[in-house]
Structures are given as C-alpha cells and as structure tokens.
Amino acid sequence: MKRPELFTPIDLGGITLPNRTVISPMCQYSADDGCFTDWHMVHLGHLAYSGAGLMILEATHVTREGRITPRCAGLYNECNEATIKKVIDYCRTVRKAPIGIQLAHAGRKASSQVPWEGREWLRPDQNPWQTVAPSPIAYGPGWHTPKEMGQKDIRDAIDAFVASTERAKRIGFDLVELHSAHGYLLHQFLSPLSNQRQDAYGRERMKFPLEVASAVRAVWPKERALGARITASDWMPGGFGVDDAVVYARELERIGFDYICVSSGALVPQARIPVTPGYQLPFAEKVKKAVRIKVQAVGMIADPEQAEDILASGKADMVAMARAFLDNPRWVWHAAERFGVELPYPPQYQRSRHDLWPGSALARPGSTQAAA
Ligand SMILES: Cc1cc2nc3c(=O)[nH]c(=O)nc-3n(C[C@H](O)[C@H](O)[C@H](O)COP(=O)(O)O)c2cc1C
C-alpha cells in the first residue's frame, strides 16, 4: 500500500518533519506577564507526544504592549525566556519531531480582554495600555484608538522582533513563524483598511512587514526553519486580497523564508466569513502555484481523509489544525491507524494502541495483551 502523503516526511529549510500534520498556534491566555505557567507545561506536554509532525507554540509577543491580552505569552524578557525554555526542555524528553514558536505583535488589537472575560477592549478599571498601529484607526467601535507609529516606533518594533528571535534561538526552537495575519500588527500594515499612512510605509504597505521579515531572516539560522502565517483576504471590499497575498508570499520567498501558512480574516470585526470545511484552501492553492517554498493549509480541516486529499491533490504541502487537536490530541495516532501507518508511541501509552487490543477490529493476529 502506498504510504499516505499525510505520513510522508517533508523538509522545511534545514529541518525535517516526520509527517505533514502541524499543531497550529493557539493562544492559551494563561501566561503571567508573558511567562509560561503550569498550564503550558500540561497543555504542550501532552501535545508534544501527539505524533504531530510539527508543533507550533501560540502567538508569543515581542513586547509587553504587543500582547493581545494581559494573559498572552511573550518573549520580551529573561523571565519569559526561562519559563518557555523549561517547558520546551521537558517537551524534548518526549518528542523528537520539531517544535516551533509563532512571534507576534497585536498592534491595535492589543490591550483586550481574554476571550472568556469578554473578548473586548480592556476597560479603564482593567489596566488598559496605549496601543500602536500604522494609523490611528481603532479595530472597531469602542476599541482603543492606537497611536500612529513614528519612525522610532517602527525601528523599535523591528528590533523587538529580532530580540525575540534571538531568544527563540537560545531556547532551541527548530522553527520560527512570523504572525502576519488575523489583523495583528504586520497585517495592519498590509491592509489599506488599517494602513492609511502618507509616508513610505503607507505608499508601500509591505515595507514594514518585509523589513521585519528581513531582520528576522538575518539572525535566524539557515539550518532551522522560518515561515510566516499570512492573510489572503480581509473578507471586506477594498481590503487585502489573495492577489496581494501572492505578491507578499513571493517577497517572503525572495527574502529566504521556507514556508507560508495561508490564513485569512480578523482585520475588522464586521467582516462576514463564509466558514465551511477547508474554506481557506483555495487561497493556499493559489499561493502554492506562485511560489517554490512550502505551503501550509489551515482552517476547518479536521478529518484525516480531507487532510490526505489536500496533500495528495497537491493543493498544499502540510496541514495545520487547531481545534481538531484541542478536541482530540490523539488525532495523529488515529489517522495513522486509519491509514495503516505505524507510529512510535511513548512506552507509557503503548497499550492504548487499538491494534494491540484483543478483540478490536484492528487487532493483529496473536494480540494477547492482558489487562493489568
Ligand atoms: C484557542 C485558539 C487559539 C488560537 N490562537 C492562535 C494564535 O496564537 N496564532 C494564530 O495564528 N492563530 C491562532 N488561532 C487560529 C488557529 O491557529 C487556526 O488558524 C484556526 O483555528 C483555524 O483552524 P482550525 O479550523 O483547525 O481550528 C487560534 C485558534 C484557537 C481555536
């Protein structure tokens, strides 16, 4: 039987993923001044041995002010670095496959409440802070009006991305992903809806994100992997669209990025997005046709056959999943069983393999594992 594409290794920059499943970055809103907590140890600890080909940590912010919420992760000081390193060092004991981190700055969407406390802007009694953005345009009604970034703010933000990348290098991550989607700072510069500057950063809206990308590329080792999550649609008339995404992806390729993950939306609250299974896939497919580097699809991919079909039809090189992994951290193990692929299990969980259960439909002849 031909090995399914899902379980075929893939080279990304200087690293190799043992299969093409990716744990998509997921904010946990459980950090303490950017530092990882016990929650991260448990959450990432068990995803570490999920069998996913790549695990990417949540949006981790390059400055304190760049955090989406007060509980978001950061990589802007020693304490952040030490707490993330502790979790990653543990994950390495149960995981051989690569681990990446997503670096982010929320721009005008910073200073907001964690989702289960409202998901809106921080109120005056909730310690809000001044947000920054390309233009002084609020995310939506009621949201903080950001300060328009001056030349020094732009320089400082680029330096912050570089400093966090250096920290990620010291921690030992295999991969860095730049967050350039979901309405956060890099995306805010890209879109005409949020960037109405009159200077060079407004005339050339890709200028700032590409300066960040070049600066990060310059300090991130070639023997690891570097990618970006980009947006392919604001889902709004006059917004950033898939043709812009193609141009942007080509520029990132030129700078030396190894992969692009194609997402969309979240620049403005009033956008209406037709969310259906694989709804962002046509964007990934279009970007893939335009670049030679690897392309990751994401968004409403949850079924192993659906994932395999995306890869086998050449629409993308990898599939990233978020909610499917929260729902079922054993997604990869079960997909492997479905395709008849044998994966290494942690020895402590070896007996959970369905093919070792006597009487199971998947049981191998002679399987006699007894209950202890
Ligand atoms: C709890 C949660 C947190 C998320 N945090 C991030 C994040 O930190 N960075 C990011 O790029 N996307 C984030 N996302 C979006 C996911 O990575 C993914 O793109 C989106 O959920 C669509 O994929 P899915 O249908 O597989 O869930 C988050 C999604 C969820 C459900």
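Going by the structure above, here's the rest.
Residues numbered from 1 in each chain as written. Predicted model: local features only at pLDDT ≥ 70, side-chain atom pairs only at ≥ 80, totals over all residues. Heavy atoms only, no water.

A word on the pattern of salt bridges. On inspection of all chains with the given rule, the structure shows 23 salt bridges. Here Glu120 makes a salt bridge to Arg123, at a shortest N to O gap of 2.7 Å. What makes Glu120 partly exposed here is its relative accessible area of 33%. Exposure remark for Arg123: the relative accessible area of 28% places this residue in the partly exposed category. The salt bridge partner of Arg217 is Asp258, with a shortest N-O separation of 3.9 Å. Of this pair, Arg217 sits in helix 6 (residues 207–219) while Asp258 sits in the loop between helix 7 (242–255) and strand 10 (259–263), and the two are 41 residues apart along the sequence. Accessibility classification places Arg217 together with Asp258 in one group, the buried group. Connected through shared salt-bridge partners, Glu78, Glu81, Arg167 and Arg170 make up one network. (Salt bridge = Lys/Arg side-chain N within 4 Å of Asp/Glu carboxyl O. Buried < 20%, exposed > 50% of the residue type's maximum accessible area, 1.4 Å probe, protein only. Helix = DSSP H or I, 4+ residues; strand = E, 2+ residues; numbered from the N terminus.)

This part is about the state of the cysteines. Summed over all chains, the structure comprises one disulfide. Through a disulfide, Cys35 is tied to Cys79; the S-S separation comes to 2.4 Å. In this pair, Cys35 sits in the loop between strand 3 (21–23) and helix 1 (38–48) while Cys79 sits in helix 2 (residues 78–94), placing the two residues 44 residues apart along the sequence. Taking the relative accessible area as the measure of exposure, Cys35 reaches 6% and is therefore buried. With relative accessibility at 40%, the residue Cys79 sits in the partly exposed group. Looking at Cys27, it has no disulfide partner, and the nearest cysteine sulfur is the one in Cys72, 4.7 Å off. Left unpaired, Cys91 is separated from the closest cysteine sulfur, that of Cys35, by 17 Å. Look at Cys91 and you get buried, because its relative accessible area is 0%. (Disulfide = S-S within 2.5 Å.)

This part covers the sheet that holds strand 5 (residues 99–104). Spatially, 3-4-5-8-9-10-11-12 is the arrangement adopted by the eight strands of the closed barrel, whose pairing is parallel. Across the sheet, the mean angle from the axis of one strand to that of its neighbour is 25 degrees, orientation sign disregarded. Across five bridges, the pairing between strand 9 (residues 225–231) and strand 10 is parallel. Note that in strand 10 the partner of Gly227 across the bridge is Tyr259. Along the sheet, helix 3 (residues 151–171) makes contact with strand 5 and strand 8 (175–180), crossing strand 5 at roughly 165 degrees. (Pairing = 2+ DSSP bridges. Axes fitted to C-alpha atoms, helices over the stretch in contact; angles between N-to-C directions. Contact = heavy atoms within 4.5 Å.)

Here we take up the nonpolar core. Grouped together as the largest cluster of nonpolar side chains are 91 residues, with contacts concentrated most on Leu57, Phe173 and Phe208. No other element matches helix 3, which puts eight residues into this core. With near-sequence residues (within four places) excluded, Phe173 lies in contact with Leu57, Ile84, Ile88, Arg92, Ile99, Gly100, Ile101, Ala168, Trp220 and Arg224. (Core = buried A, V, L, I, M, F, W, Y, C linked by side-chain atoms within 4.5 Å.)

Another point: the packing of aromatic side chains. Scanning the entire structure with this criterion turns up 10 aromatic pairs. Taking 4.9 Å as the distance between ring centres and 85 degrees as the angle between the ring planes, the aromatic pair formed by Tyr139 and Trp143 counts as edge-to-face. Each of the two residues, Tyr139 as well as Trp143, counts as buried. Feature note: the residues Tyr49, Trp333, Tyr345 and Tyr349 constitute an aromatic cluster, connected by ring pairs. Its guanidinium or amino end placed over the ring of Trp129, Arg67 lies 5.2 Å from that ring's centre, counting from NZ or CZ. Seen from the ring of Tyr184, Lys109 lies directly overhead, with NZ or CZ sitting 4.6 Å from the centre. (Phe/Tyr/Trp six-rings, centres within 6.5 Å; stacked < 30°, edge-to-face > 60°. Lys NZ or Arg CZ within 6 Å of the ring centre and 35° of its normal.)

Attention now goes to the environment of Asp153. Turning to its location among the elements, Asp153 is positioned in helix 3. In this structure, Asp153 is in contact with Lys147 and Glu148, ignoring residues within four places of it in sequence. There is a polar contact of 2.6 Å between the side chain of Asp153 and the side chain of Lys147. (Polar contact = N/O pair within 3.5 Å; in protein donor to acceptor, adjacent residues only side chain to side chain.)

What follows concerns the pairing of strand 10. For strand 10, the buried fraction is high: five of the five residues fall into the buried class. Neither face of strand 10 is exposed, since Tyr259, Cys261 and Ser263 on one face and Ile260 and Val262 on the opposite face are all buried. With four bridges connecting them, strand 10 and strand 11 (residues 294–298) associate as parallel partners. Bridge assignment links Cys261 to a residue of strand 11, and that residue is Gln296. The handedness of the strand 10 to strand 11 crossover, carried by helix 8 (residues 281–290), is right-handed. (Right-handed = clockwise from strand over helix to strand, strands pointing away.)

Right, let's get into unusual backbone geometry. One non-glycine residue, Ser111, adopts positive backbone phi at about 60 degrees. Tracing the backbone through its elements, the reader meets Ser111 in the loop between strand 5 and strand 6 (132–133). You can call Ser111 buried: its relative accessible area is 0%. If you check the backbone angles, Ala266 has positive phi at about 75 degrees while not being a glycine. Summarising the element assignment, Ala266 is placed in the loop between strand 10 and helix 8.

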